[in-house]
Amino acid sequence: MTLYQSFEEAKNTGSKKFIVLIDPDKVRLGNMDKILHLASQAKVDYFFIGGSLVVNNMLDHCLETIKKSCDIPMILFPGNSFQLSYRADGILFLSLISGRNAELLIGKHVITAPYLKVSPLEILPTGYMLIDGGVPTTVSYMSNTQPIPSSKDDVALCTAMAGEMLGLKLMYMDAGSGAKNPVSESMIDLVSGGLSIPLIVGGGIRTPEKAFANAKAGANAIVVGNAIEKDPNLIIEMSHAVHEAASLRQST
Ligand code: 1GP
């Protein structure tokens, strides 16, 4: 099964995916072993690897370390076009559709296309929607774009629908790493109902309860980074909460 088929399966069957975001520049070496051990134990579905300021040698080192320790697929979540490596399994080919910066809608893609064309990476064309999380985020600053206001569920829905109509295969609603306010359940509910492609949600999710609520509201995959960097033990409860939302949904 390809990575995309497994996301599609989640959308079609109501199963849920739990994704741990690893920022190669931020993760403390001592924590890495613990995160990898707990992630296998907790049946984490994928790792997203990336950050806004990652430098290349740390990226390769991080990917090698993960590969040596477990079989969890590694998907690049690149903050810029330098964050590419053949050592991963796939890449979110991101178009920042909440913004109006042409470079991040199509410009960088033109530059990276020849590299990706010959790479072994599975390419996942993804509409990336930055949602206001209550604090200025690195992504917003670096991308020179404004996030969608957190109360504008309808703007988020129309943006996501347009992205799907343009042919994007995954949608990622992100309040940004370390967001004060994660994406609301009402926005997740509306957007997931209007899409026939899988929906990933992340940014500022700190508790298993919020992870569960987001999955129940319609997110097919939940991403957690910061909270796990601070307390790797959260992986077990978070993963359980996300996967639990699936059985609940199927039985109702
Ligand atoms: C950020 O969605 C991810 O792009 C994860 O956010 O680090 O706040 O969990 P956190």
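Here, the structure is the one placed above.
A brief report on the enclosed structure follows. (Residues numbered from 1 in each chain as written. Predicted model: local features only at pLDDT ≥ 70, side-chain atom pairs only at ≥ 80, totals over all residues. Heavy atoms only, no water.)

1. Here's the deal with the site of the ligand
Line of reasoning, step 1. Around the ligand, 13 residues are found, and the nearest of them are Asp174, Ser177, Gly178, Gly204 and Gly225.
Line of reasoning, step 2. In this structure, tyrosine 172 approaches the ligand through a side-chain N or O atom, which is 2.9 Å from an oxygen atom.
Line of reasoning, step 3. One of the backbone N or O atoms of glycine 178 is found 2.7 Å from an oxygen atom in the ligand.
Line of reasoning, step 4. Within the complex, 97% of the 310 Å² of free accessible area of the ligand lies under protein.
Line of reasoning, step 5. Residues that form the shell around the ligand fall into these classes: four nonpolar, eight polar and one charged. (Near = heavy atom within 4 Å. Polar contact = N/O pair within 3.5 Å; in protein donor to acceptor, adjacent residues only side chain to side chain. Areas by Shrake-Rupley, 256 points an atom, 1.4 Å probe, with all protein chains shown as cover. Nonpolar A, V, L, I, M, F, W, Y, C, P; charged D, E, K, R; others polar.)

2. A few points about helix 6 (residues 153-165)
Line of reasoning, step 1. The end-to-end C-alpha distance of helix 6 is 18 Å, a good match for the 18 Å that 13 residues give at a rise of 1.5 Å each.
Line of reasoning, step 2. Buried within helix 6 are the following residues: Asp153, Ala156, Leu157, Thr159, Ala160 and Gly163. Mapping the buried residues of helix 6 onto a view down its axis gives an arc of 165°, with all of them on the same face.
Line of reasoning, step 3. The inward-facing, buried residues of helix 6 abut strand 5 (122-130), strand 6 (170-174) and helix 7 (185-194).
Line of reasoning, step 4. Phi turns positive one or two residues past the end of helix 6, at glycine 167, with a value near 105°. (Helix = DSSP H or I, 4+ residues; strand = E, 2+ residues; numbered from the N terminus. Expected span 1.5 Å × (residues − 1). Buried < 20%, exposed > 50% of the residue type's maximum accessible area, 1.4 Å probe, protein only. Arc of directions from axis to C-beta. Contact = heavy atoms within 4.5 Å.)

3. Focus on the sheet that holds strand 7 (residues 199-202)
Line of reasoning, step 1. Here we have eight strands rolled up into a closed barrel, ordered 1-2-3-4-5-6-7-8, and parallel in their pairing. Neighbour-to-neighbour, the strand axes of this sheet turn through a mean angle of 30°, independent of strand direction.
Line of reasoning, step 2. As paired strands, strand 7 and strand 8 (residues 221-224) are joined by three bridges and run parallel to one another. Bridge pairing links valine 201 to isoleucine 222 in strand 8.
Line of reasoning, step 3. Set on the sheet, helix 4 (residues 102-117) makes contact with strand 4 (90-96) and strand 5; between it and strand 4 the angle comes to about 155°. (Pairing = 2+ DSSP bridges. Axes fitted to C-alpha atoms, helices over the stretch in contact; angles between N-to-C directions.)

4. Describing the nonpolar core
Line of reasoning, step 1. The biggest cluster of nonpolar side chains holds 81 residues, and the ones touching the most others in it are Ile22, Phe47, Phe48, Ile49, Ile66 and Met173.
Line of reasoning, step 2. Setting aside anything within four residues of it in sequence, one finds phenylalanine 48 in contact with Ile19, Val20, Leu21, Ile22, Ile75, Phe77, Leu92, Tyr172, Ile200 and Val223. (Core = buried A, V, L, I, M, F, W, Y, C linked by side-chain atoms within 4.5 Å.)

5. Some remarks on the packing of aromatic side chains
Line of reasoning, step 1. A full pass over the atoms with the stated rule returns seven aromatic pairs.
Line of reasoning, step 2. Taking the centre distance of 5.9 Å and the plane angle of 55° together, the rings of phenylalanine 48 and tyrosine 172 count as tilted. Here the residue phenylalanine 48 occupies a position in strand 2 (residues 46-49), and tyrosine 172 occupies one in strand 6, the gap between them amounting to 124 residues. Here phenylalanine 48 and tyrosine 172 have matching classes, each one buried.
Line of reasoning, step 3. Summarising the aromatic geometry, the rings of phenylalanine 77 and tyrosine 172 are spaced 5.2 Å apart at their centres and angled 40° between planes, so their arrangement reads as tilted. Of the two residues, phenylalanine 77 sits in the loop between strand 3 (74-76) and strand 4 while tyrosine 172 sits in strand 6, which places them 95 residues apart along the sequence. Neither phenylalanine 77 nor tyrosine 172 differs from the other in exposure class; each is buried.
Line of reasoning, step 4. An aromatic cluster is defined as three or more aromatic residues linked by ring pairs; in this entry it consists of Phe48, Phe77, Tyr128 and Tyr172. (Phe/Tyr/Trp six-rings, centres within 6.5 Å; stacked < 30°, edge-to-face > 60°.)

Everything listed is a geometric property; what it means functionally is a separate question.
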